[in-house]
Amino acid sequence: MNQPLASSGWILLTTIILVVALVPFDPHLSQWAQGLPQEIIGFNRAITDFGTFAWMIYTSATLLLIAFIVRRSSRRDTVRQRARTARRLGAYFLLTIGTASVLVHGLKLLIGRARPELFAEYGAYSLTPFTGSGAFESFPSGHSTAAGAFFGAFAMLTPGLRPIFLILALLIGVSRVVVGAHYPSDVAAGLLLGLWTAMMVAFLFARRDWLFRLDAGGWPAPKTARSRLK
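- As annotated in an unreviewed UniProt entry, the chain carries the name PAP2 superfamily protein and is attributed to Sinorhizobium americanum.
- As stated in UniProt under Subcellular location (unreviewed entry), the record for the chain gives "Cell membrane".

**A look at the UniProt feature "transmembrane region" (unreviewed entry) in the chain**
(1) Moving on: Mapped onto the present numbering, the UniProt feature "transmembrane region" (unreviewed entry) falls at residues 7-25, 53-70, 91-111, 164-181 and 187-206.
(2) Moving on: The span residues 7-25 shows a helical share of 84% and a strand share of 0%, and its end C-alpha atoms are spaced 28 Å apart.
(3) Moving on: Here residues 53-70 runs as 100% helix and 0% strand, with 26 Å between its end C-alpha atoms.

**As for the side chain of S185**
(1) Moving on: By the secondary structure assignment, S185 is in helix α9 (residues 184-207).
(2) Moving on: Once residues within four sequence positions are removed from consideration, S185 is found in contact with V19, L22, V23, D26, R113 and F139.

**Comments concerning the nonpolar core**
(1) Moving on: Within the largest apolar cluster, 35 residues are counted, with the highest numbers of intra-cluster contacts made by Y92, F93, I97, F151 and F212.
(2) Moving on: Elements supplying a minimum of two residues to this core: α3 (38-48), α4 (53-73), α5 (77-111), α7 (142-157), α8 (162-178) and α9.
(3) Moving on: Here this core gets nine residues from one element, more than from any other, and that element is α7.
(4) Moving on: Setting aside chain neighbours within four positions, we find Y92 in contact with A153, M156, L157, A198, V201, A202, F205, L211 and F212.
(5) Moving on: With five residues, the next largest nonpolar core counts L192, M199, M200 and F203 among its residues.

**Section: α3**
(1) Moving on: Turning to α3, its buried residues number three or more, namely I41, N44, I47 and T48. Seen from one end, α3 has its buried residues packed into an arc of 135 degrees, which puts them on one side. The exposed residues of α3 that point more than 90 degrees off its buried face are Q38, E39, R45 and A46.

**A closer look at the pattern of salt bridges**
(1) Moving on: The tally for this structure, following the rule as stated, stands at three salt bridges.
(2) Moving on: In this structure, D186 and R113 form a salt bridge, with 2.8 Å as the shortest nitrogen-oxygen distance. Of this pair, D186 sits in helix α9 while R113 is found in the loop between α5 and α6 (119-122), placing the two residues 73 residues apart along the sequence.
(3) Moving on: Here D186 falls in the buried class, since its relative accessible area comes to 0%.
(4) Moving on: Here K223 makes a salt bridge to D209, at a shortest N to O gap of 3.4 Å. Residue K223 is found in the loop between β2 (220-222) and α10 (225-228), and its partner D209 is found in the loop between α9 and β1 (212-214); the two are separated by 14 residues along the sequence.

**As for the layout of surface pockets**
(1) Moving on: As a volume, the largest pocket reaches approximately 560 Å³.
(2) Moving on: L166, L170, L191, L192 and L195 are the residues nearest the centre of the largest pocket, which is lined by 26 residues in total.
(3) Moving on: Counting only elements with at least two residues in the lining of the largest pocket, the list comes to α1 (3-22), α2 (26-34), α7, α8 and α9.
(4) Moving on: A volume near 300 Å³ is recorded for the second largest pocket.
(5) Moving on: Taken together, 14 residues make up the lining of the second largest pocket; nearest its centre are I11, L12, T15, A189 and L193.
(6) Moving on: Sorting the residues of the lining of the second largest pocket by element identifies α1 and α9 as the ones contributing at least two each.

Scoring rules and cut-offs
- Residues numbered from 1 in each chain as written.
- Predicted model: local features only at pLDDT ≥ 70, side-chain atom pairs only at ≥ 80, totals over all residues.
- Heavy atoms only, no water.
- UniProt positions renumbered as here; feature names shortened; annotations may be inferred.
- Helix = DSSP H or I, 4+ residues; strand = E, 2+ residues; numbered from the N terminus.
- Contact = heavy atoms within 4.5 Å.
- Core = buried A, V, L, I, M, F, W, Y, C linked by side-chain atoms within 4.5 Å.
- Buried < 20%, exposed > 50% of the residue type's maximum accessible area, 1.4 Å probe, protein only.
- Arc of directions from axis to C-beta.
- Salt bridge = Lys/Arg side-chain N within 4 Å of Asp/Glu carboxyl O.
- 1 Å grid on protein atoms, 1.4 Å probe; cavity = no way out; pocket = protein on both sides within 12 Å on 5 of 7 lines; lining within 4 Å.
- Points joined across faces, edges and corners; volume = space filled by probe spheres on them.

So, in C-alpha cells, the structure goes:
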C-alpha cells in the first residue's frame, strides 16, 4: 500500500468529518468562547500569536544557515556530523512550515470565508473567494496550521511525546476561537493541514534517509541519535 496516499486519505476523511460536524455549531461555539471570563480570554490572547509562521520560518532558516556554516568551517568529524544533523533538522522544519504556509494561504484566498468579526453582517457561512482581504480568510486557520506543522514536526521526531505536542497544537488552535479570530471548523482544518504537511515531509526525508527511516510498515520513524550521525 502507498502509505503517504493512505495517510493523506485518512487525514482528509478526518478533516471532512470534523468540519462537517463542527460547521453547524460554529456560530454558537464562537460566541460562547468569546464570552468566557476575561482571565481565560487574556491567557489565550497571550499564547495565540505563538502560532505565527514568521518566527518559525526565521528560526528554522537561521538554524539551517548556522549548521551549514559550522559544517563547512569545522575540521572535527564529530562537529561536522552534528552540524549535518542540525542542518537536516532545520531543513525539515523549514520545508514543513514553509509548505504549510503556502498551502493554507492559497486555501484562504480560494475559499474566502468571512471571519467571526463579520458575523453580524455576513453570518458564519459567507464565502467570498479571491477578495485578497484578511477579513475573508477565516478558513482554514493560519495560526492553527502553523501550530499543527510545528508541533506535528516535533511529534514525528519524538513519538513518545506526541500527546504533549498535539495538546500544545490544540491549545493554540482553541485560542484562535477564544480571541474571536476563527470558527472551530477553521481550527480543525488548519491543525490537520499542518499535521499532514509534517507527515508528508517526514515521508520525503525518510526516503532520503534523512532524520527518518521507513519502518516495516512503510511509515516514517525517527532514526536513533547514533544513526543520525552516520
